[in-house]
Amino acid sequence: MTAAPSAPFLAACRCEPVAHTPVWFMRQAGRSLPEYRALKGDRSILEVLTEPELAAEITLQPVRRYRVDAAILFSDIIVPVWATGFGVEIVAGRGPVVEHRFSGPADLSRLGRLDPETDTGYVLDTVRILARELPAEVPLIGFAGAPFTVASYLVEGGPSRDFARVKGLMHRDPATWEALVDRLAELAIDSLAAQVAAGADAVQLFDSWVGALSPRDYERFALPATRRVLEAIGALRVPTILFGVGTGELLGLMASAGPSVVGVDWRVPLDAARARVGGLAVQGNLDPGACLGPFEAVANEARDVLRRAGTEPGHVFNLGHGVLPETDPGVLGALVDLVHAEGRAGRVQ
Ligand code: CP3
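These notes cover the structure that comes with them. (Residues numbered from 1 in each chain as written. Predicted model: local features only at pLDDT ≥ 70, side-chain atom pairs only at ≥ 80, totals over all residues. Heavy atoms only, no water.)

Structural notes on the overall build of the chain
Here is step 1: Per the secondary structure count, the chain includes 15 helices and nine strands.
Here is step 2: Relative to the compact-globule value of 20 Å for 349 residues, the chain shows a C-alpha radius of gyration of 19 Å, a close match.
Here is step 3: Seen through its principal axes, the chain has C-alpha atoms that stretch 60 × 45 × 40 Å.
Here is step 4: Looking at the chain as a whole, 58% of its 349 residues qualify as buried.
Here is step 5: For the chain, the proportion of contacts with a sequence separation of at least 24, taken over those separated by at least 6, is 73%.
Here is step 6: Working note: accessible area of the chain is about 13600 Å², and carbon and sulfur atoms make up 50% of it. (Helix = DSSP H or I, 4+ residues; strand = E, 2+ residues; numbered from the N terminus. Rg over C-alpha atoms; globule rule 2.2 N^0.38 Å. Buried < 20%, exposed > 50% of the residue type's maximum accessible area, 1.4 Å probe, protein only. Contact = heavy atoms within 4.5 Å. Areas by Shrake-Rupley, 256 points an atom, 1.4 Å probe, with all protein chains shown as cover.)

This is the structure in structure tokens:
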């Protein structure tokens, strides 16, 4: 913990008053920024994130350019699994792809325990550099993939539309599924606890693809392992954010998993989302696609999000999912200024 407790992002996560509505963007570092493309060159993302000085610099780029209220560590959700030797690579334009899919109980032994310092020392070194270099009012968000979403890559072998293999495994062999998500919960806990010890001020658990599940299946197959992670990290007294896409019908259950903040995609109006999470803080939820329009159009949509966020404390402004690579960085910069000037949730006048 290195940021000031009064930093607007941390205050909003705790549903406390803020000087202005905090804003950051998922995927704020990366391909939409020319300075990222210049620094990365033709190196792969795994090469870049294993170089702490480089990964820290990439994390800082959007903080300087946009004056966002939080930095997110430059890494990837697949790193702990990759680092423990489960063969996986990140294919540009596609995402994580595994060499040999997880298909049954015999594959459980391929998922070792993570020793964060030995296996992912570069991640922790990046966190340490950032804890030193970030301004006190800009907290660092560490992150991990939630068990369901990481399991989906291992079982499907890569990105998926219908999650047929995942759902097949869950319903055919629930005991193996549970053992798998339990191991992935351990990996997430060990990785996140080490990031917090190295200086991360908050953590986000990305359950990006869990919206593929019905509420009934979410409760049975994803919630218990997710709750384990959130309880373990919440005990470290840092705010936790639980995020997924297409999770409108799951928001109440996600709130019951124990995060401080629930991430909301653009499909649910933010006032409806706030009603569903029962007093927890919310993060979101401008459509990333809306940011491809001219700024007047972006401003209209952003003002609607701010109006629906209301005046009660507990809103972190963000997009409903990651920045699209085509986004004009100038639009995001102007958006930060608009949110700071016009956000009202919990604002001390
Ligand atoms: O600025 C940030 O958000 C920090 C960095 C970050 C990356 N991945 C870097 C990255 C974060 C937070 C992630 C998390 C992540 N990775 C998620 C959850 C967030 C989400 O988008 O839902 C998921 C599902 C992954 C898996 C993954 N890794 C995907 C789907 C992709 C995209 C493939 C592509 O090229 O479009 C990756 C690769 C990846 N991870 C890139 C970046 C910047 C793009 C590759 C590059 O720029 O070289």
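Some points on the pattern of salt bridges
Here is step 1: As enumerated under the stated definition, the model contains 16 salt bridges in all.
Here is step 2: Residue Arg65 pairs with Glu35 through a salt bridge whose shortest N-O separation is 2.8 Å. Of the two residues, Arg65 is situated in helix α4 (residues 52-66) and Glu35 in helix α2 (residues 34-40); the sequence distance between them amounts to 30 residues.
Here is step 3: Between Asp304 and Arg308 there is a salt bridge, and its shortest N-O distance comes to 3.0 Å. Of this pair, Asp304 and Arg308 both sit in helix α14 (residues 295-309), four residues apart, which is roughly one turn of that helix.
Here is step 4: Judged by its relative accessible area of 26%, Arg308 falls in the partly exposed class.
Here is step 5: By sharing partners, the salt bridges in this structure join Arg113, Asp182, Glu186, Asp190 and Arg228 into a single network. (Salt bridge = Lys/Arg side-chain N within 4 Å of Asp/Glu carboxyl O.)

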